[in-house]
Amino acid sequence: MYADQTPVGRTPPWAGRGNRAAVLGSPVGRSLSLTLHRAAHAAMGLHWNYEAIECDEPALPALFDSLGDDWAGLCLTRPLKRAVLPLVDEVSDLALDVGGADTVVFRHGRSFGDHTGPHGITTALHEAGLRAPGSAVVLGGGSAACSALAALREVGVREPVVVVPERRHATEVEAAAGRLGVAVDLRHFDALDRSLQGVAVVVSTLPAHAADPLAPAVAHCGAAVLDTACSAWPTRLTKAAGFAGRTVVDGLSLRLHRTVRQIELLTGTADPTVPAEPGDPIGLTGTSGMTDPSMSAMSAMSAMSAMRNAARAELMRRAALEADPAVTGGRLRYGRLR
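We now turn to the structure provided with this report. Here, residues in each chain are numbered from 1, in the same order as that chain's written sequence. Reporting of local features is limited, given that this is a predicted model, to residues whose pLDDT is at least 70; pairs of side-chain atoms are given and counted only at 80 or more, and all residues count toward the totals for whole chains, interfaces and linings. Note: side-chain values were computed over all heavy atoms of the structure, leaving out hydrogens and water.

Description of the environment of Ala40
Numbered from the N terminus, helices here are DSSP runs of H or I no shorter than four residues, and strands are runs of E no shorter than two. Along the chain, Ala40 falls in helix H1 (residues 33-44). Relative accessible area decides the class of each residue, using a 1.4 Å probe on protein chains only: under 20% of the type maximum gives buried, over 50% gives exposed, and in between gives partly exposed. With relative accessibility at 0%, the residue Ala40 sits in the buried group. Sequence separation of Ala40 and Leu256 is 216 residues, and the distance between their C-alpha atoms is 9.7 Å. We call two residues contacting when some pair of their heavy atoms lies within 4.5 Å. Apart from residues lying up to four places away in sequence, Ala40 is in contact with Ile263, Ala303 and Met307.

Given below as structure tokens:
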């Protein structure tokens, strides 16, 4: 269970009054955040206004400064996770180590930045029974790989192998490894077969379809597979691993757990200054904004189910759109801040 829980019927001291939040990014249409948060809010009886706002790095400071007291916080996607760090008053150690914040909470005139990505991965690993895998190979060296290193450190893997297509793609993950105190063994894709020998879990942080050529080797190495990609699910990598009888952790599962943590932070259920503990896939035990606080645990389970169903429907809609872009011109439209 999470360490930072609030007893039913008590308002936490860190809870704010705002009930407005948004996901920011460019292009924001690629994010599932709007779908997931709105589905969870509806299932839990949260009367919140959650938006998706197109915002690039140059526009972020002005938008950040324009937010009023009715705002509870923000969720950040590419390319804003690193850019937001200088704008917040306080940043968690985890966000600093990973190199970005995907959630910003506004409380009593101050802002707090945190990163929920490692929590999502760790909780998904726990849920799959991978509490102490012992060894791991990470595919990719970008921001998602940084989150993977932090998550693997929490399950006891401090010397993971990181496999990248080119050395220049490893700059970000090497820097994060130094901040996290993790000793990475950096290798090229050409050395993948050797790297997979005897490994317990493979974590792919590559974009959707980028790991397709690696699927046969990964599927036959005997390791469990976690694929962070959820925009094109199931991926060839996870399908191959599943047919080979491996334990498979899908990207949507870890995205659900990230969203649970974000909702805890935004609603005031969790203290933004206290790190979350992984393990419990249902962590929404607080009451902020709920129509029936006594139903909080049931609401949390309903939220997980609602989010998964909504995400699957949205992914199917996007797949159909890609197959027939003439339907809407091939674009998903989202607004700017009103």
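That covers the picture; the talk isn't over yet.
Comments concerning the sheet that holds strand E7 (residues 136-139)
The strand order across the open sheet formed by six strands is E9-E8-E7-E10-E11-E12, and the pairing between neighbours is parallel. Two strands in the sheet have a free side with no partner beyond their single neighbour: strand E9 (185-188) and strand E12 (248-249). Here four bridges tie E7 to strand E10 (residues 201-204), and the two strands are oriented parallel to one another. Among the inter-strand pairings, Val137 is bridged to a residue of E10, identified as Val202. Set on the sheet, helix H5 (residues 143-154) makes contact with E7, strand E8 (161-164) and E10; between it and E7 the angle comes to about 165°. Here the rule is simple: two strands pair whenever DSSP picks up at least two bridges between them. Interaxial angles span 0 to 180 degrees and are taken between N-to-C directions of axes, which are lines fitted to C-alpha atoms, for helices over the stretch in contact.

A closer look at the packing of aromatic side chains
Between 30 and 60 degrees the pair is tilted, below 30 it is stacked and above 60 it is edge-to-face, where a pair is any two Phe, Tyr or Trp rings, Trp via its six-membered ring, whose centres lie within 6.5 Å. For the coordinates displayed, the defined rule picks out one aromatic pair. Ring geometry for Phe64 and Phe106: centres 5.6 Å apart, planes at 70°, overall edge-to-face. Within this pair, whereas Phe64 is found in helix H2 (residues 60-66), its partner Phe106 is found in strand E5 (residues 103-107), the two being separated by 42 residues in sequence. Here the two residues Phe64 and Phe106 agree in accessibility, since each one is buried.

Topic: the nonpolar core
In plain words, nonpolar cores are sets of buried Ala, Val, Leu, Ile, Met, Phe, Trp, Tyr and Cys residues tied together by side-chain atoms within 4.5 Å. Membership of the largest hydrophobic core comes to 30 residues, with the highest contact counts inside it found for Leu125 and Leu152. At the level of elements, helix H4 (117-127), E7, H5, E8, helix H6 (171-180), E10 and strand E11 (224-227) are the ones that each hand at least two residues to this core. Among the elements that take part in this core, H5 stands out by supplying seven residues, more than any other. The contact partners of Leu125, leaving out residues within four places of it in the chain, are Leu130, Arg131, Leu152, Val155, Val201 and Leu226. Ranked by size, the runner-up nonpolar core spans 26 residues in total, among them Val28, Ala40, Tyr50 and Leu266.

These figures come from the coordinates and say nothing about function on their own.
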